[in-house]
Amino acid sequence: MTTRVKVCGLTRPEDIDVAVRCGADAIGLVFYEPSPRSVTVEHARALANRIPAFVTLTGLFVNPDVRFVESVLDQVPLDLLQFHGDESPDVCDSFGRRWIKAVRVREEGQIENAFDDYRKASGLLVDAWDPNRYGGTGQSFNWALIPEHRPLPLILAGGLSSANVARAIEEVRPWAVDVSGGVEQSKGKKDATKLSDFMKEVHRVCKTD
Ligand SMILES: O=C(O)c1ccccc1N[C@@H]1O[C@H](COP(=O)(O)O)[C@@H](O)[C@H]1O
């Protein structure tokens, strides 16, 4: 089985080129100012020009003002919205754009409930819970909390790197994996070798399936 890959939190055109060349299926831009990976609309427009056909440009938001999302959508050709905060299903569904919802996992039953609440999503992203940050923490969580039954495509995130992504795919069997900190040299700057090693691991484990 193939596992798709989203690389998130890119801020440099050259990092987009490397990710695309290595086979990333989706590129994530962070529109959340407290994040060190945050991009402005102008910056995002320039980065979007590097994205070729058949690679999904994703915009990540955390509890955004609705007018902010609308303004980004007017100016940046996003294919998909990623909501990584406490957004309601109605808010997520109000932009006429495909969207995925992140769940920050800390207890049993949470993912099952989210599948139910966010049933109109194009996928459910599961990430580690952290008391102080919404995401991009570099931490993983207890994958045993992920149910076998998945009414929506499941995207596994949280602390992934070339060292653990093969095991993650074998154990969780996600539709896709999402990586940020595990392929960086410093916040917002991706490392070409780490990125390439990560993609190679995904392709290796998918080939042996
Ligand atoms: O990347 C960020 O700074 C960020 C900020 C706020 C919410 C989400 C964020 N990133 C997402 O977090 C997960 C896991 O990242 P990591 O691989 O553990 O560093 C991933 O989905 C990022 O898209």
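The model shown is predicted, which means the values in this text are computed figures rather than measured ones.

J.: Lay out the UniProt feature "domain: N-(5'phosphoribosyl) anthranilate isomerase (PRAI)" (unreviewed entry) in the protein in plain terms, naming residues and giving numbers.
T.: Taking the UniProt record as the reference, the feature "domain: N-(5'phosphoribosyl) anthranilate isomerase (PRAI)" (unreviewed entry) is found at residues 5–200. Span residues 5–200 is 29% helix and 22% strand, its end C-alpha atoms 11 Å apart.

J.: If you had to explain the site of the ligand to someone new, which residues and values would you point to?
T.: Around the ligand there are 26 residues in total, and Cys8, Ser35, Gly135, Gly136 and Gly181 lie nearest to it. Listing elements by their share of the shell around the ligand, those giving two or more residues are β2 (26–30), β6 (123–128) and β8 (176–179). Per-class residue counts for the shell around the ligand are 10 nonpolar, 13 polar and three charged.

J.: Break down helix α1 (residues 13–22) for me, citing the residues and quoting the values.
T.: Listed as buried for α1 are Asp15, Ile16, Val18 and Ala19. Buried residues of α1 fall within an arc of 165° about the axis and therefore sit on the same side. Exposed positions of α1 whose direction lies more than 90 degrees from the buried face are Pro13, Glu14 and Arg21. Close packing links the buried residues of α1 with β1 (4–8), β2, α2 (41–48), β10 (189–190) and α7 (192–207). The first or second residue beyond α1 is Gly23, which carries a positive phi of 110°.

J.: Please set out the sheet that holds strand β5 (residues 99–105) residue by residue, giving values where relevant.
T.: As summarised here, the arrangement of the eight strands in space is β1-β2-β3-β4-β5-β6-β7-β8, forming a closed barrel in which the pairing is parallel. Between one strand and the next, the sheet's axes are offset by a mean angle of 25°, whatever the strand orientation.

Reading guide: rules and limits
- Residues numbered from 1 in each chain as written.
- Predicted model: local features only at pLDDT ≥ 70, side-chain atom pairs only at ≥ 80, totals over all residues.
- UniProt positions renumbered as here; feature names shortened; annotations may be inferred.
- Helix = DSSP H or I, 4+ residues; strand = E, 2+ residues; numbered from the N terminus.
- Near = placed C-beta within 6 Å.
- Nonpolar A, V, L, I, M, F, W, Y, C, P; charged D, E, K, R; others polar.
- Buried ≥ 20, exposed ≤ 12 C-beta atoms within 10 Å, placed from the backbone.
- Arc of directions from axis to C-beta.
- Contact = placed C-beta atoms within 7 Å.
- Pairing = 2+ DSSP bridges.
- Axes fitted to C-alpha atoms, helices over the stretch in contact; angles between N-to-C directions.

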